[in-house]
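Next come the chains, spelled out residue by residue.
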Amino acid sequence: GGQSIGRIMNLLPGDGAQVSCLVIRTAHLWGHHKILPVGLVSDVNPKCVWLSIDRSKFQELPDYKSDASIANEVESALWNDPVLRVTDFHEVDVRVKNGVVSLTGHITAVMNQERIESAVGNVKGILGVRIHLIADDQLLLNVSEALVQIERVEGNHVFAKVENGVVVLSGEVISAEVRGLAEQRAANVPSVRGVINGLAAPGIDLDAEDQHFLQPSIGEKIFFRDGLFGFVKQVIINRTNRRVVD
């Protein structure tokens, strides 16, 4: 005796293998696609699905948006924040799968994460947000803690800064061995992308060392000066400083 609302167009999975939401195209002309949580399904048989809500409540459900549309709106929301636009906009990787937004990257400050969360929270149609952002100011505290024993030794003067996850060491230490130890301890801090070691030490020629930080992505295009050559298949990382060497 119920009245048809529409047809199921897609199934959206949750964190596990089970379906969390249905995408339903409403029956009327120029119908919208609505997102229906499976908790609102009261019964299922081979011919139809019965809901536990009436039509008016159904129309109040959020409209379905494609992953690409959500990604574009999230990026626009981040760009429209005047602080993020000049700091961390280009450092945040936005990915959307089945309506769930994942944000990864290294940002300058914990305060900016709050701005990012606020901006994303204003985008409609998102089914979930997973944030895996690493703030430089928090990472610097962790690196400083890892270096504290080295800094306490007389003759060692170690300074550290973090720029988008890359630790830059400067100052002077008493030996090349201590210099290498400082680099390794900084690199062992979780979420550090790499270490540039500018520490002076006896017998070390800083000008002769290659301190470039390159981190190409797998699949990234490789170009000669006169055209395309190929794609990055694999990178080799120096375990001591986490920098790509080949």
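A brief look at the structure comes next. (Residues numbered from 1 in each chain as written. Predicted model: local features only at pLDDT ≥ 70, side-chain atom pairs only at ≥ 80, totals over all residues. Heavy atoms only, no water.)

1. A short note on the pairing of strand β4 (residues 41-44)
Here is step 1: Pairing geometry for β4 and strand β5 (residues 49-51), over three bridges, is antiparallel. Counterpart to aspartate 43 in the pairing with β5 is tryptophan 50.
Here is step 2: If you look at the hairpin formed by β4 and β5, you'll find four residues sitting between the two strands. (Pairing = 2+ DSSP bridges. Helix = DSSP H or I, 4+ residues; strand = E, 2+ residues; numbered from the N terminus.)

2. Focus on the packing of aromatic side chains
Here is step 1: All told, the structure shown has two aromatic pairs when counted by the stated rule.
Here is step 2: For the pair tryptophan 79 and phenylalanine 89, a centre-to-centre distance of 5.1 Å together with 70° between the ring planes defines the contact as edge-to-face. Taken together, the positions of tryptophan 79 in helix α2 (residues 67-79) and phenylalanine 89 in the loop between α3 (82-86) and β6 (93-97) put the pair 10 residues apart, joining distant regions of the chain.
Here is step 3: Under the relative-accessibility criterion, tryptophan 79 is labelled partly exposed at 38%.
Here is step 4: Aromatic side chains phenylalanine 224 and phenylalanine 229 sit 4.8 Å apart centroid to centroid with 50° between the ring planes, which places their arrangement in the tilted category. Just as phenylalanine 224 is exposed, phenylalanine 229 falls in that class too.
Here is step 5: Here the guanidinium or amino end of arginine 85 rests over the ring plane of tryptophan 79, the centre of that ring lying 5.3 Å away. (Phe/Tyr/Trp six-rings, centres within 6.5 Å; stacked < 30°, edge-to-face > 60°. Buried < 20%, exposed > 50% of the residue type's maximum accessible area, 1.4 Å probe, protein only. Lys NZ or Arg CZ within 6 Å of the ring centre and 35° of its normal.)

3. Observations regarding the sheet that holds strand β11 (residues 194-200)
Here is step 1: Within the open sheet, the three strands sit side by side as β9-β10-β11. Their pairing is mixed. The sheet is open, and its two edges are formed by β9 (157-163) and β11, each paired on a single side. Across this sheet, the average inter-strand angle for adjacent strands is 15°, counted without regard to direction.
Here is step 2: Pairing of β9 with strand β10 (residues 166-172), which is carried by seven bridges, proceeds in the antiparallel orientation. In the sheet register, lysine 161 faces β10, and the bridge partner there is valine 168.
Here is step 3: Strands in contact with helix α5 (residues 136-151) are β9 and β10; relative to β9, the strand with the most contacts, it is inclined by about 160°.
Here is step 4: Strands in contact with helix α6 (residues 176-187) are β10 and β11; relative to β11, the strand with the most contacts, it is inclined by about 155°. (Axes fitted to C-alpha atoms, helices over the stretch in contact; angles between N-to-C directions. Contact = heavy atoms within 4.5 Å.)

4. Some remarks on the nonpolar core
Within soluble globular proteins, side chains that are nonpolar generally end up buried alongside one another.
Here is step 1: Among the nonpolar cores identified, the biggest contains 20 residues, and Val74, Leu78, Val92, Val94, Val101, Leu103 and Ile116 are the most heavily contacted of them.
Here is step 2: Where this core is concerned, the elements lending two or more residues are α2, β6, β7 (100-107), α4 (110-121) and β8 (128-135).
Here is step 3: No other element matches the five residues that α2 contributes to this core.
Here is step 4: Dropping the residues within four chain positions of it, isoleucine 116 is found in contact with Leu78, Leu84, Val92, Leu103, Ile107 and Leu133.
Here is step 5: Ranked by size, the runner-up nonpolar core spans 18 residues in total, among them Val167, Leu169, Val178 and Val195. (Core = buried A, V, L, I, M, F, W, Y, C linked by side-chain atoms within 4.5 Å.)

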